[in-house]
Amino acid sequence: MGRHDGPGIVAYGVYFPSRRISSDEYRRAWGSCAAAIKEKAVPDFDEDSLTMAVEASRRALLSGPRRDPGTAAVLALATTSAPYAEKALASTVVSSLGLPPDIVTVECTTSSRAGAEALELATMVLAEKRKPGAWGLVAAADAPRAAPHDPLEHGLGAGAVAIVLGWEDVLARLVGRCSWVEESLGERFRRAGQERLNDMGVREVTGSVFDRVAGAAVGGLLEASGLKPADYRYLVVPQHDGRAGLQLARRLGFKEEQVRPAFLFDRTGDVGVCSCLVGLAAVLDVAAPGERVILVAYGSGAAASALDLEVTAEAGAHRRPQVGPALDGGVPVDYLEYLKLRRML
Amino acid sequence: MGAHVSIAMYQRNIPLRYRLVGQRCQTCGGVNFPPRAVCSQCSKGTRFEDIQLSGRGVLYSWTRIAGAGAPSEFAAQAQALGSFVVGLVQLEEGPRVVAQIVEVGRSAPRLGQRVEAVLRRIYEEDGVIRYGYKFRPAGDAAPTPPGK
Ligand SMILES: [Zn+2]
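On a predicted model such as this, the values are computed, not experimentally measured, just so you know.

Novice: Mind showing me how you'd approach the overall build of chain A here?
Specialist: Secondary structure assignment for chain A yields eleven helices and twelve strands. Computed over C-alpha atoms, the radius of gyration of chain A comes to 19 Å, within 12% of the 20 Å expected from 2.2 N^0.38 for 345 residues, which places it in the range of a compact globule. C-alpha atoms of chain A, sized along the principal axes, occupy 55 × 45 × 35 Å. Burial status across chain A gives 60% buried among its 345 residues.

Structure below.
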């Protein structure tokens, strides 16, 4: 299996802020909830994408083999809700974790595909640094915002996922990938200087762009691997609403049981760049050696990435599930508290 | 808290504010946090090495700061949350530090409660975000996911 010889995922961590708002609160406030969620996490007043990225990273580092933070070779950050439009973001994470100042940093920030991009790019950087002990970190965190009166807002959640990459003790190896971009207008955008998302809401149009772009990425990946949908145990789909990803899977020839284990939208809402990585973490929580996984991420504009992963014999050896414990529990807040915590009031 | 800290002063202390880097006295071996010019344990040592503190500790005392009582840089936070808790935390390595205690809601934190450090926004000034450590309740085994 020489072609599979490369860096891979050695540990991962998941973080959701401790407060939760339920769809009932939206129904009380607005008469209905526009998103198919039961609840979603709400960041504390003093949390943002960087603090959440640090939290998930600490969890990822604690969940795997001990590593000296000062030896990391690459940090890839992903978020669409950065606290600064200009200023290095990685420096906050580097200083908070004690990563070395000469680390290679990548910041992927302009679409919800960025989580998959960060994973892809960090793996590529690490592949160049082939030496014993070389490792890297992917930290994706998001808390996208829209106007309170915009139905798009109802589904927007918050959370973070971090992935430790390395050459040894790999749980899942990246064995293939396919990227697809084509210009598409009007769907989910935020002009420079704006804080809140817009979406022209042309569903038929955006639905077909999503299908075409994400479908093309998965199609290209299958062509390269020479495998069929049935050869994959899991498909991790974009989760920016409760439907589109599931429909995509069906159209591509995947079955419900391949998609469901990674589909968490009703508990997470749309966690932006993290949505595909939370799904991947859920898969890694249960996957068995030898199983293949496709992860497909999508961003408006439009761009998709499909990643082909193979779970190794290491998976399950020291299993510490991350997604369940991060999602369970939580302290309920009402809609008014939600608006205050999210600085919308 | 409440005293103006320039960006330059804040910046100098980033390793301690972001990840609790303390100092070990080369004279007596005691741990200082925040770092001092002269060791607070032996009152003699002036040579130190940096050490990474664990961020774990127990809550030694606390007070709740409500709306009007908050220093100006914390006014927005107090307004959004109604109030917040400031505690004295006894760190595992010995030193006691003052910091906000998060994720305790409106309930009274328990003295002796295990806590762990988290990175949060402390406040903003002139558009610049000041990040730093706060503490949140921890279970018996660290790290602890929220809600457990
Ligand atoms: Zn001393």
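Structure's up, so let's keep going.
Novice: Would you mind going over the coordination of the zinc ion with me for this structure?
Specialist: Four donors placed tetrahedrally about a metal ideally form angles of 109.5 degrees, and six donors placed octahedrally ideally form angles of 90 or 180 degrees. Residue and element names in this part refer to chain B. The coordination sphere of the zinc ion, as far as protein atoms go, consists of Cys 25 (SG), Cys 28 (SG), Cys 39 (SG) and Cys 42 (SG), spread over 2.3 to 2.4 Å. Viewed at the metal, the four donor atoms of the zinc ion are separated by angles of 107 to 111 degrees, and the geometry they form is tetrahedral. Going along the chain, you hit the donors of the zinc ion in the pattern C-x2-C-x10-C-x2-C. Taken as a pair, Cys 28 in the loop between strand 1 (21-25) and strand 2 (31-32) and Cys 39 in the loop between strand 2 and strand 3 (48-52) lie far apart in primary sequence, eleven residues in all.

Novice: Any chance you could explain the sheet that holds strand 3 (residues 39-42) of chain A here in plain terms?
Specialist: Note on sheets: strands pair through backbone hydrogen bonds, and any given pair is parallel or antiparallel. Residue and element names in this part refer to chain A. With mixed pairing, three strands are arranged side by side in an open sheet as 3-2-12. The open sheet has two free edges, formed respectively by strand 3 and strand 12 (331-332), since each of these has just one partner strand. With two bridges connecting them, strand 2 (residues 19-22) and strand 12 associate as parallel partners. For Arg 19, the partnering residue across the bridge sits in strand 12 and is Val 331. Contacts from helix 1 (residues 23-30) reach strand 2 and strand 3 within the one sheet, and its direction differs from that of strand 2 by about 55 degrees.

Novice: Hey, could you run me through the packing of aromatic side chains in this one?
Specialist: Two aromatic rings, taken as a pair, are described by how far apart their centres are and by the angle between their planes. Summed over the entire model, instances satisfying the criterion amount to eleven aromatic pairs over all chains. Look at Phe 210 of chain A and Tyr 298 of chain A: their rings are 4.8 Å apart centre to centre, the planes differ by 80 degrees, and that puts the pair in the edge-to-face class. Within this pair, whereas Phe 210 of chain A is found in helix 5 (residues 203-225), its partner Tyr 298 of chain A is found in strand 10 (residues 292-299), the two being separated by 88 residues in sequence. Taking the relative accessible area as the measure of exposure, Phe 210 of chain A reaches 7% and is therefore buried. Its relative accessible area of 3% is what places Tyr 298 of chain A among the buried residues. With 6.3 Å between their ring centres and 85 degrees between their planes, Tyr 18 of chain B and Tyr 131 of chain B make a pair best called edge-to-face.

Novice: Would you mind showing me how to read the interface of chain A and chain B here?
Specialist: Note: interface size is frequently given as the accessible area lost on complex formation between the parts. Counting from both sides, the interface comprises 32 residues of chain A and, opposite them, 29 residues of chain B. When chain A packs against chain B, the two sides together hide about 2400 Å² of surface, and 54% of this comes from carbon and sulfur. For chain A, the biggest contributors to the area lost against chain B are Phe 45, Asp 46 and Tyr 84 of chain A; these three give 22% of the whole. Between chain A and chain B we count eight salt bridges in total. Salt-bridge contacts for Glu 47 of chain A lead to Arg 120 of chain B; the nearest nitrogen and oxygen are separated by 3.7 Å.

Calculation notes
Residues numbered from 1 in each chain as written. Chains lettered and ligands numbered in written order. Predicted model: local features only at pLDDT ≥ 70, side-chain atom pairs only at ≥ 80, totals over all residues. Heavy atoms only, no water. Helix = DSSP H or I, 4+ residues; strand = E, 2+ residues; numbered from the N terminus. Rg over C-alpha atoms; globule rule 2.2 N^0.38 Å. Buried < 20%, exposed > 50% of the residue type's maximum accessible area, 1.4 Å probe, protein only. Donors = N, O, S within 2.8 Å, 3.2 Å for Na, K, Ca; no water. Tetrahedral: all angles 85-135°; square planar, octahedral: opposite > 155°, others 65-115°. Pairing = 2+ DSSP bridges. Contact = heavy atoms within 4.5 Å. Axes fitted to C-alpha atoms, helices over the stretch in contact; angles between N-to-C directions. Phe/Tyr/Trp six-rings, centres within 6.5 Å; stacked < 30°, edge-to-face > 60°. Buried area = accessible area lost by both parts, 1.4 Å probe. Salt bridge = Lys/Arg side-chain N within 4 Å of Asp/Glu carboxyl O.

As far as function goes, none of this settles anything; it's purely spatial.
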